[in-house]
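Coordinates in review
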Amino acid sequence: MNKPKPFLRWAGSKQKLLPKLSQFWNLNYNRYFEPFVGSGQLFFNVDCDKSVISDLNPDLIEVFNQIKKNPYPIHCLLQNYKVSEEEYYRIRSLNPKNLGINQRAARFIYLNRLCFNGLYRTNSKGQFNVPFNYSNPETICDYENLKAVSKKFEKTEIICGDFETVIKKNIRKNDFVYLDPPYAVENRRIFKQYGPQTFGIDDLNRISDLLKFIENKEAKFLLSYAYCKEAIDLFSGWKMQKTFVQRNISGFVKYRRKAAEVLVTNIENQYGE
């Protein structure tokens, strides 16, 4: 069976940073944790016998758990969906509460594959409201990949929950944690992937405290975040490296640019020190 690949698109994806991020993981760690999993770019890129992945988005976690259970019914449903703007808005208009669990999962994947830049955004009523992308993907559903994903999920605990709660409840000595939270930068207009007021400066302070907790548990962590004053001030006690990543949130290519990020870790000698 082929190595599984991410089957979702996600705003803020770290796909272009994978060669650098992967260097922090090694098979000597007991377990892999990713509490802001999103599309799971790093999770799917590393080999790990035991993993704990989580997210605060219940729709995302439901999809993961259904793929883990059995991807075939979801694949069958997706095969019946047309790739068109009209079909996109028809499926988007469906009320998930009136759908079965596999129908909800198929709807989520379909909308994710065809929506604008893989964004997840809801209105004040909790309704998904991202527009059609106007650019067809190569495929909506690669069943062979979904089967490989399901196989990897067999060794994975999938949790819907707050990052701090999940880590503090489960972390043990010699585990590895990768944190890639949404950006909450003061006085800057940065798109928030999970909607307004979901991740703020107070949560960034919680991240800082959590890194200390992980260190005290004799576990290792890697954090990727926007290169900004708030992050530099909060994480200055750890090893830090500035890097750059292509940002594709803008709908127009001419406005897409490289953005500075910072990698923060407690792994010794990772930067050749």
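Residues numbered from 1 in each chain as written. Predicted model: local features only at pLDDT ≥ 70, side-chain atom pairs only at ≥ 80, totals over all residues. Heavy atoms only, no water.

A separate point is the environment of lysine 258. Relative to the elements of secondary structure, lysine 258 occurs in strand β7 (residues 257-265). On the accessibility criterion, lysine 258 (60% relative accessible area) is exposed. Each C-alpha atom of the pair lysine 258 and phenylalanine 244 lies 6.0 Å from the other, and the pair is 14 residues apart in sequence. Once residues within four sequence positions are removed from consideration, lysine 258 is found in contact with Val245 and Gln246. (Helix = DSSP H or I, 4+ residues; strand = E, 2+ residues; numbered from the N terminus. Buried < 20%, exposed > 50% of the residue type's maximum accessible area, 1.4 Å probe, protein only. Contact = heavy atoms within 4.5 Å.)

To continue, consider the packing of aromatic side chains. Scanning the entire structure with this criterion turns up 22 aromatic pairs. An aromatic cluster is present here, built from Phe7, Trp25, Tyr29, Tyr32, Phe43, Phe44, Phe64, Phe153 and Phe176 joined pairwise through their rings. Sitting over the face of the ring of phenylalanine 213, lysine 168 holds its NZ or CZ atom 5.4 Å from the ring centroid. Residue placement shows lysine 242 over the ring face of tyrosine 227; its charged tip is 4.4 Å from the ring centre. (Phe/Tyr/Trp six-rings, centres within 6.5 Å; stacked < 30°, edge-to-face > 60°. Lys NZ or Arg CZ within 6 Å of the ring centre and 35° of its normal.)

Let's shift gears to the pairing of strand β5 (residues 220-226). In terms of residue burial, β5 counts as a mostly covered element, since 6 of its 7 residues are buried. As paired elements, strand β4 (residues 176-179) and β5 share 4 bridges and run parallel to each other. Bridge pairing links valine 177 to phenylalanine 221 in β5. (Pairing = 2+ DSSP bridges.)

Shape is all these values report; function is a separate question.
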